[in-house]
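Listed below, chain by chain, are the residues.
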2 protein chains.
Amino acid sequence: MSRAPDEGLEEIDRDECLRLLMGRGVGRVAVTIGAVPAVFPVNYGLLDEAVVFRTGAGTKLDAAVRHAVVAFEVDEIDTLYHEGWSVLVVGRAVEITDGPTFERAEHLPLRPWAGGARTHLVAVRAEIVTGRRIVPH
Amino acid sequence: MSRAPDEGLEEIDRDECLRLLMGRGVGRVAVTIGAVPAVFPVNYGLLDEAVVFRTGAGTKLDAAVRHAVVAFEVDEIDTLYHEGWSVLVVGRAVEITDGPTFERAEHLPLRPWAGGARTHLVAVRAEIVTGRRIVPH
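Everything numeric in this text was worked out from a predicted model, so none of it was measured.

Colleague: What's the story with the pairing of strand E3 (residues 36-47) of chain B in this structure? I'm lost.
Modeller: One face of the sheet, then the other: side chains in a regular strand alternate in exactly this way. All names here are of chain B. Buried residues dominate E3, accounting for ten of its twelve residues. Looking at chain direction, strand E2 (residues 26-33) and E3 are connected through eight bridges and run antiparallel. Bridged to Arg28 within E3 is Pro41. Between E2 and E3, which follow one another and run antiparallel, lie two residues, and Gly34 among them has a positive phi close to 60°. Here four bridges tie E3 to strand E4 (residues 50-55), and the two strands are oriented antiparallel to one another.

Colleague: Could you clarify how one ought to interpret the pattern of salt bridges in this entry?
Modeller: It is possible for side chains bearing opposite charge to pair when their charged atoms get close. Here the structure, examined in full by the defined rule, presents 24 salt bridges over all chains. In this structure, the salt-bridge partner of Arg66 of chain A is Asp62 of chain A, at a minimum N-O distance of 3.1 Å. A residue is classified by how much of its surface remains accessible, and Arg66 of chain A, at 41% relative accessible area, is partly exposed. Its salt-bridge partner being Asp48 of chain B, residue Arg104 of chain B comes within 2.9 Å of it at the nearest N-O pair. Remark: Asp48 of chain B occurs in the loop between E3 and E4 and Arg104 of chain B occurs in helix H3 (residues 99-106); sequence separation between them is 56 residues. Look at Asp48 of chain B and you get partly exposed, because its relative accessible area is 48%. Members of the salt-bridge network, linked through shared partners, are Arg28, Glu73 and Asp75 of chain A together with Arg28, Glu73 and Asp75 of chain B.

Colleague: Teacher, can you tell me more about the packing of aromatic side chains here?
Modeller: Within a pair of aromatic rings, the relevant descriptors are the distance that separates the centres and the angle that separates the planes. Residue and element names in this part refer to chain A. The final tally for this structure, using the stated rule, is two aromatic pairs over all chains. With 4.8 Å between their ring centres and 70° between their planes, Tyr44 and Phe72 make a pair best called edge-to-face. Of the two residues, Tyr44 is situated in strand E3 (residues 36-47) and Phe72 in strand E5 (residues 69-78); the sequence distance between them amounts to 28 residues. Each member of the pair, Tyr44 as well as Phe72, is classed as buried.

Colleague: Mind showing me how you'd approach the nonpolar core here?
Modeller: The nonpolar side chains of a soluble globular protein tend to be buried with one another. Residues Phe53 of chain A together with Phe53 of chain B are the most contacted members of the largest nonpolar core, which totals 64 residues. Ignoring sequence-local partners within four residues, the contact set of Phe53 of chain B consists of Val29, Val42, Asn43, Tyr44, Leu61, Val65, Leu110, His120, Leu121, Val122 and Val124 of chain B.

Colleague: Is there a simple way to think about the environment of Ile33 of chain B in this case?
Modeller: All names here are of chain B. Locating Ile33 in the fold gives a position in strand E2. Each C-alpha atom, one on Ile33 and one on Ala63, is 8.5 Å from the other, the two residues being 30 residues apart in sequence. Discounting chain neighbours no more than four positions away, the residues touching Ile33 are Ala38, Phe40, Lys60 and Ala64.

Colleague: Quick question: what am I supposed to make of the confidence of the model for chain A here?
Modeller: Reading fine detail from the predicted coordinates is not recommended where pLDDT is low. All names here are of chain A. Across chain A, the average pLDDT comes to 85, with 88% of residues at or above 70. The spread of mean pLDDT over the elements of chain A runs between helix H2 (residues 60-65), the lowest at 80, and helix H1 (residues 14-22), the highest at 96. Among the scores for the predicted complex, ipTM is 0.83 and pTM is 0.87.

Colleague: Before we go on, may I ask you to explain H1 of chain A in this structure?
Modeller: Because an α-helix packs 3.6 residues into every turn, residues spaced three or four apart end up facing the same way. Residue and element names in this part refer to chain A. Those residues of H1 that fall on the buried side of the exposure criterion are Cys17, Leu18, Leu20 and Leu21. Axial view of H1: buried residues confined to an arc of 160°, hence all on one face. In H1, the exposed positions angled more than 90 degrees off the buried face are occupied by Asp15 and Met22. In this fold, the buried residues of H1 make contact with strand E1 (9-12), E3, E5, strand E6 (83-96) and strand E8 (128-134).

The rules we used
Residues numbered from 1 in each chain as written. Chains lettered and ligands numbered in written order. Predicted model: local features only at pLDDT ≥ 70, side-chain atom pairs only at ≥ 80, totals over all residues. Heavy atoms only, no water. Buried < 20%, exposed > 50% of the residue type's maximum accessible area, 1.4 Å probe, protein only. Helix = DSSP H or I, 4+ residues; strand = E, 2+ residues; numbered from the N terminus. Pairing = 2+ DSSP bridges. Salt bridge = Lys/Arg side-chain N within 4 Å of Asp/Glu carboxyl O. Phe/Tyr/Trp six-rings, centres within 6.5 Å; stacked < 30°, edge-to-face > 60°. Core = buried A, V, L, I, M, F, W, Y, C linked by side-chain atoms within 4.5 Å. Contact = heavy atoms within 4.5 Å. pLDDT = per-residue confidence, 0-100. Arc of directions from axis to C-beta.

Structure representation (C-alpha cells):
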C-alpha cells in the first residue's frame, strides 16, 4: 500500500509536526455527519500531544466529534512566496469532563472563534501525525 | 433533524457563500482514505459554481477524490479582532478531462500549492453550500 511521496512535497517527522502545531492557534476539524463530510475551524491548544478545543453543547460539531475518529489539520501557506506546510492529526475525539486533565485544559488559551457558551472541552489524541512541506524549487 | 443554530454564529446564504468563495485562493479538501479522514490544503478556483483544483497523478489526494463525496472548506479568521467566516462546500468530486469545461478550467489561476506535475483537474460541484459568520458581540 506504499505510495510514492507527493511530488514537490517533503514529509515532516512527528516531532517537527508537534512543534509546528504548538505555533498556531486555529485549525480545521474534519468530521462525518450522517455520511456527509464537514469541516469546522476551531481555536485549539496542545495538551500531552492531544489537540484540545471547545465545542458548544448541541452544536453540529459537538455531536459529530462524540467518540468519532476525526482529522484535524493546521497549515501555514504563503501563496505569494510559494512556501508552506500542512500538518494532519488523526485520532479519536473524547470529551474531557473532569480530573487534573480538565483543570489543565481549562487553562489553555482557547478563545472560541465564535462567541456563545462553548463549554465542552474535546481532546483528539494525536494517534496519527503526518506533515508535508513545500519543497523550494 | 433541525438543530438550533450554533450560538454566536449566523448562517450565510448560498449567494453570499459563493461570493466569499470567489475572494479566496486556498481551501481545504476533506476526504476519507480507507475509513480514515484526511484534510489537504489546495489552491482552487470557481467554475460554474464548482470548486476546481489540481491534483498530481498517484498522490493520496488524487486517489481519495475519485468519485468520492468530499467537503471543501474556506475561511477567513482574524483571531486578534475576533472576526471571521467559514464556508463549506459538499459535493461529488469528478475529474475534468476534456471539452470546453477543461479549456476553461485550464485558464483558472490555479497555482498548485506545491510544485511538481499536478495535471489532474478536479471539480467539486457545490451541491451543498453552507456558511457561518461570527456574530460581533
